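Tertiary structure, described
If you want the building blocks of each chain, they are given just below.
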Amino acid sequence: MGTPDSGTPAMATQATGNLTDHLQETTFATATATSTPARCKITQWPEEAHYVLLPDFPKPDENYIEDSCVAMLSFGPWVERVCSELLSSICYEDRFFGELNVTRKTSNSSILTWRSGPGNITHYRVEVTEGDNMLKRNFTTEDLTFDLNSLTPGTRYSIQVFAVKCTRDLNPQEDTFYTTPNKVEDLKFTNVSETSVFLNWTKPVGNLDFYLIKIKNGKQISSKTEGKEVRDLIPGNFYTFTVLSGVGDNSTWSEESIVSRNTKPGRVSDLRVSRNTHHSLQLNWKSPVGNVSFFRVVATINNKPPLPQNVTITEVNVTGLPIGSKITLSVTALVSGNIEGDSVTIDDYTAPGPIQDMNLISTDVSLNASWKTEGDSSSFVVELLLEGKVEQKLKTNVSEITFTGLKTAAGYNVTVYAFNGHLNGEPLTRSIFTMPSPPTNAKSTYQDKSSITFEWDPPAKVGRVTYAVGIISSFWGHAVSERIENKTTHTFTGLKSGTKYDFQVQTVADKELSTAATVSHCTDADKREISLSMMCSSAEPLLCDGQATRDSVFQQLDKHFNEMLGGNIFWTLEKLEPK
């Protein structure tokens, strides 16, 4: 018999021999007609192999094979086949268990190594399946190592290496691995608060399954997105944040991307101002929770440049401030030189300056007050007092005020002080009387031979008032003046009878006197009769006895008394006719 090779199918022919011996010694077996022929060269044909010649029995049915041989199928059974039918030949090995190793894994390459297959292996086929999309690539090599390149970062690869023998793949050597994912790009802080930070970054080229954020204190947080808020941090603390790209089985991590910084310091609390002076303020506060390097204290006055200073304790005496000014004070905690927390602000004032140069001007019913002050004080309290009681209390933003509707001839006190917020400056008090208004309707209500009683109406809106009253007799040269308090009637005594007295009354205010209300009145006369006889001599006979002469003399005498006594003394002149 000839020796078959990979190109010649085995032919079943008639022969005699021991079938059992043949099966025990041959290294091949026939396959079913449907099996794919293995193109394998058979290097040895058993010399002692015999073919079995079946007896020629009559054809019992349609399945009867006249020229039959026994063939053994690949799955075990023995069957009859026509001896002239070509059957497939196979070569086989016991199941091969190899070992595949993946080394030097990077983001886009790795090295594969494996064990050699048994027997005469023609080459190896490497099948690479990429990710979940099952994209497959095939490579062939005769070596036991292979360099994989142009891989996608962060991607899962399934590798199968088949030893090829007789053009047939033996059992594959398998492994699965991830390429190293690329590191994240542009890692930065997008928001920083006292107890949290928000990290943002750019997704790297390639694939990844998640990100891992490592914090200095050992805490770890995972994220599926390109940004994550890290919470529960200590205000003002220094933290280092490391972000890595990771893959599904946590076996491979990217290079680290690292950023560091402090969280914001906390806000100071219980900020308060004390010891307000003309040019300084005492500022106290409580330190916030967490870490603080120092505090920045800034004093701002109106729109002027701020006055900053740095301190490491929780109090400061802010000096060099203008008198009587509103001061805005802020305190900010800082760490690492320039990382600021939120500022806490309070408004307060330096003590107002004293009132200076107060000037008072009054009329009979009004009073004007003006003054000056040191510093920027623009708010004032003005009190108007009469007889120790506050009549009016006003606030003003100007340094002048006028009170109206006042009582005439009244002594008023004016007190002025500046105020800023809760602070009052030193007060200044000045006094002035309103100008007196004259009394009116002066008249005599009673007289006798030695006294006269006068009465008058007081000025409008008069309080407790002093009047200057006086009486004078121009004939006698007798004058009386007095000051009376809060009365509108007065009686003068010890006067001459039958005398006209001129009366006047004036309202007194401090050293000022109003115009006078006047009236004249006479005491009752103590009448006396005086007889006068006159002698007349004339060169002209009977001239003195003439009526005309008598009338002329009487007229001259009346004129004389009128010139001498006038209306100042009660007198009458009567002419007595001779009997």
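Here, every reference points to the structure presented above.
Figured I'd write up the structure that's included with this text. (Residues numbered from 1 in each chain as written. Predicted model: local features only at pLDDT ≥ 70, side-chain atom pairs only at ≥ 80, totals over all residues. Heavy atoms only, no water.)

Structural notes on the overall build of the protein chain
Helix and strand content of the protein chain: two helices and 43 strands. Within the protein chain, the fraction of its 579 residues that count as buried is 39%. Long-range contacts, defined as pairs at least 24 residues apart, comprise 60% of the intrachain contacts of the protein chain with a sequence gap of at least 6. As displayed, the protein chain has an accessible area near 33,000 Å², and 48% of this comes from carbon and sulfur atoms. (Helix = DSSP H or I, 4+ residues; strand = E, 2+ residues; numbered from the N terminus. Buried < 20%, exposed > 50% of the residue type's maximum accessible area, 1.4 Å probe, protein only. Contact = heavy atoms within 4.5 Å. Areas by Shrake-Rupley, 256 points an atom, 1.4 Å probe, with all protein chains shown as cover.)

Here's the deal with the state of the cysteines
Tallying each qualifying case throughout the model produces one disulfide. Bridging C69 to C83, the disulfide has an S-S length of 1.7 Å. Between C69 and C83, the S-S torsion sits near 110 degrees, and that sign places the bridge as right-handed. Pair noted here: C69 is in strand β2 (residues 68-72) and C83 is in the loop between β3 (78-82) and β4 (86-87), with a separation of 14 residues, a long-range link. (Disulfide = S-S within 2.5 Å.)

Quick look at the pattern of salt bridges
For the structure shown, the criterion picks out 13 salt bridges. A salt bridge links R272 to D270, with the shortest nitrogen-to-oxygen separation between them at 3.0 Å. A relative accessible area of 40% places D270 in the partly exposed class. In this structure, D526 and K449 form a salt bridge, with 3.9 Å as the shortest nitrogen-oxygen distance. Of this pair, D526 sits in the loop between β43 (517-522) and α2 (547-565) while K449 sits in the loop between β36 (440-447) and β37 (452-457); the two residues are 77 residues apart in sequence, bridging distant segments of the chain. Taken together, the shared-partner salt bridges in this structure form one network comprising R125, E127, K136 and D169. (Salt bridge = Lys/Arg side-chain N within 4 Å of Asp/Glu carboxyl O.)

A look at the sheet that holds strand β9 (residues 145-148)
With respect to topology, three strands assemble into an open sheet ordered β5-β6-β9, the strand pairing being antiparallel. Across the chains shown, the open sheet's two edge strands, defined by having one partner strand only, are β5 (100-103) and β9. Each adjacent strand pair in this sheet contributes to an overall mean axis angle of 20 degrees, direction not counted. Of the pairings in the sheet, the one linking strand β6 (residues 110-114) to β9 comprises four bridges and is antiparallel in character. Bridge pairing in β9 places L112 opposite F146. (Pairing = 2+ DSSP bridges. Axes fitted to C-alpha atoms, helices over the stretch in contact; angles between N-to-C directions.)

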